[in-house]
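Structural features, examined
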Amino acid sequence: MTAPVPPAAAGGLAAQGAPATRDATATPTGTGVAVPRVAIVGANGHGKWHRRTVAPLHAAGRLQLVALVDVRPIEDEPAAPVPAGATVHTDHREMLAATRPDVVIVCTPPHTHLPIALDVLAAGADLLLEKPPVLSTAEHRTLAGALTATGRACQVGFQALGSAALAQLSAAVGQGRLGTVTGIGTVAAWQRPDGYFARSPWAGRRTLHGRPVLDGALVNPLAHAVMQCLAVAETVTGAPVRPSEIELERYRVRPIEVDDTAALRIVVAGGPPIVVAVTLAGEDFVAGEVIVTGTAGRAVLEYPTDRLLLPGDPQPRVVPGRRGLLENLLAHRADPAGTPLIAPLARTAPFTAVLEQVQRAPEPTMLGGDLVTVTGSGPERAVTVRGINAVLRRAAEQGALLSELAVPWAVPPVRTALAAQDD
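Because the structure is predicted, anything quoted here is derived from the model rather than measured. (Residues numbered from 1 in each chain as written. Predicted model: local features only at pLDDT ≥ 70, side-chain atom pairs only at ≥ 80, totals over all residues. Heavy atoms only, no water.)

Considerations on the pattern of salt bridges
Going by this rule: We define a salt bridge as a contact between a side-chain nitrogen of Lys or Arg and a carboxyl oxygen of Asp or Glu at a distance within 4 Å. Going along the chain from the N terminus, every DSSP run of H or I of four or more residues is numbered as a helix, and every run of E of two or more is numbered as a strand.
Across all of its chains, the model carries 23 salt bridges by this definition. Notably, a salt bridge pairs Arg 381 with Asp 194, separated by 3.1 Å at the nearest N-O pair. Pair noted here: Arg 381 is in the loop between strand 18 (372–375) and strand 19 (382–385) and Asp 194 is in the loop between strand 7 (181–191) and strand 8 (207–208), with a separation of 187 residues, a long-range link. Connected through salt bridges with shared partners, the residues Glu 247, Arg 265, Glu 404 and Arg 415 form a single ionic network.

Some points on empty space enclosed by the protein
The cut-off we apply is this: Here the term cavity refers to a set of points on a 1 Å grid, laid over the protein atoms alone, in which a 1.4 Å probe fits but cannot get out; the term pocket refers to an open set having protein on both sides within 12 Å along at least five of seven lines, with lining residues being those that place an atom within 4 Å of a point. Grid points are joined across faces, edges and corners, and a volume is the space filled by probe spheres set on the points. Three classes are used: nonpolar for Ala, Val, Leu, Ile, Met, Phe, Trp, Tyr, Cys and Pro, charged for Asp, Glu, Lys and Arg, and polar for all others, with Gly counted as polar.
Scanning the model with the defined rule gives one cavity of 30 Å³ or more in all. The computed volume of the largest cavity comes to approximately 30 Å³. In terms of lining, the largest cavity is formed by Leu 218, Val 219, Val 226, Leu 264, Phe 351, Val 354 and Leu 355. A per-element tally of the lining of the largest cavity places helix 9 (residues 349–360) first, with three residues. Class assignment for the residues of the lining of the largest cavity results in seven nonpolar, no polar and no charged.

Things to note about the packing of helix 4 (residues 113–122) against helix 5 (residues 137–150)
For any two helices packed against each other, one specifies the inter-axial angle together with the distance between the axes. This is how it is decided: Each axis is a line fitted through C-alpha atoms, taken for helices only over the stretch in contact, and angles between the N-to-C directions span 0 to 180 degrees. If an angle is under 35 degrees, it is roughly parallel; if it is over 145, roughly antiparallel; if it lies from 65 to 115, roughly perpendicular; otherwise it is oblique. Should any heavy atoms of two residues lie within 4.5 Å, those residues are counted as being in contact.
At a minimum axis separation of 10 Å, helix 4 and helix 5 run at an interaxial angle of 5 degrees. When the axes of helix 4 and helix 5 are compared, the pair comes out roughly parallel. When helix 4 is examined against helix 5, the residues Leu 114, Ala 117, Leu 118 and Leu 121 are found in contact with a partner set consisting of Glu 139, Thr 142, Leu 143, Ala 146, Leu 147 and Thr 150.

Quick look at the nonpolar core
Our working rule: Think of a nonpolar core as a cluster: buried Ala, Val, Leu, Ile, Met, Phe, Trp, Tyr and Cys residues, connected wherever their side-chain atoms sit within 4.5 Å. Burial classes follow relative accessibility: with a 1.4 Å probe on protein chains only, a residue under 20% of its type's maximum area counts as buried, one over 50% as exposed, and anything between as partly exposed.
Counting 101 residues, the largest nonpolar core has Leu 169, Ile 184, Leu 218, Ile 274, Val 292, Leu 326 and Phe 351 as its most contacted members. When residues in this core are grouped by element, the largest group, nine residues, is from helix 7 (residues 223–237). Core analysis: the next-biggest nonpolar cluster, separate from the first, contains 26 residues, Val 385, Ala 395, Ala 400 and Leu 405 among them.

Next up, the structure:
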């Protein structure tokens, strides 16, 4: 993600009199098929990943990249140069009025998502919105209402949901290969130096200028781990899960306002409990594993690499193939009934419910002294929690919080019961 784009004016483009229609889209020579006009808001930082995704589709004539938006000068990206004819803007509202895109990719800080998304929808465009899509259930409802009112589509940037390995795991769960699923866990151990938490004004913050921003291990870099678990639970329950209780332990190894180490248990109405055990202060690197335990066996999905181990497999195997979220959105636009979205906003409602409780929780407990090891200096200074990898793996595999594993520095969890709510 990149620096904030100026927030939308009240009422959005529709209130300013901007038309909801656009000029006819371009067509490849001789095809007669309209090519969607695509814009990227937040084109630096993680936005360059989206530019690299868009570039081959633009070159193949499957879309036309018409505009890039960022408050900073557009950074060079050799794998995705700015195409001839594409315009560059510092204000998304100006871009929407000038270029009338069909699809807008929004890759800006989370606290800017909702106002920008509302402007995009009011301008008549569909949306690919980076995760986390919004920062509260109230914002989720607002965005869902705008989607209904405008008839537009919103895909959320949980790209790991397009994994063929996840599809195989879900199929195995649905077919009963694991028996009755009794628990879902995930473990990840990454290492992020001090420079990571200085990457932008909102990094490591829970608020900025009085607005929630909510960086942190659980809801930003390791959000995919949480969402993959929710997707597996969805297979068990047959619908997006409804968390009934959240139990949360948050820790930090530097003076930031958010967690860099956490243990989370989601109690699911009518489904198995989910335990998330993650850190950005890890020892050996653990990319991210989703562990599904059942009465007839256990499955493990390493979601960043699509390596999958099912009951009876001698070893993990790579399951190739991911459906791209942008390509899926374009296919959905062409055939809404026949091509469902991989990550529609409604599917992310449980994630937003969890995120909201993380936002409301007390500040994380500081870990220091003999509990940590410090290496390097300056932006490369890294802090590691001693023994953290083994502790997190035990938590994920046993479905336990750290405070339940007799970890001496663990603190009691914050427990919150969630009322049943409509999406």
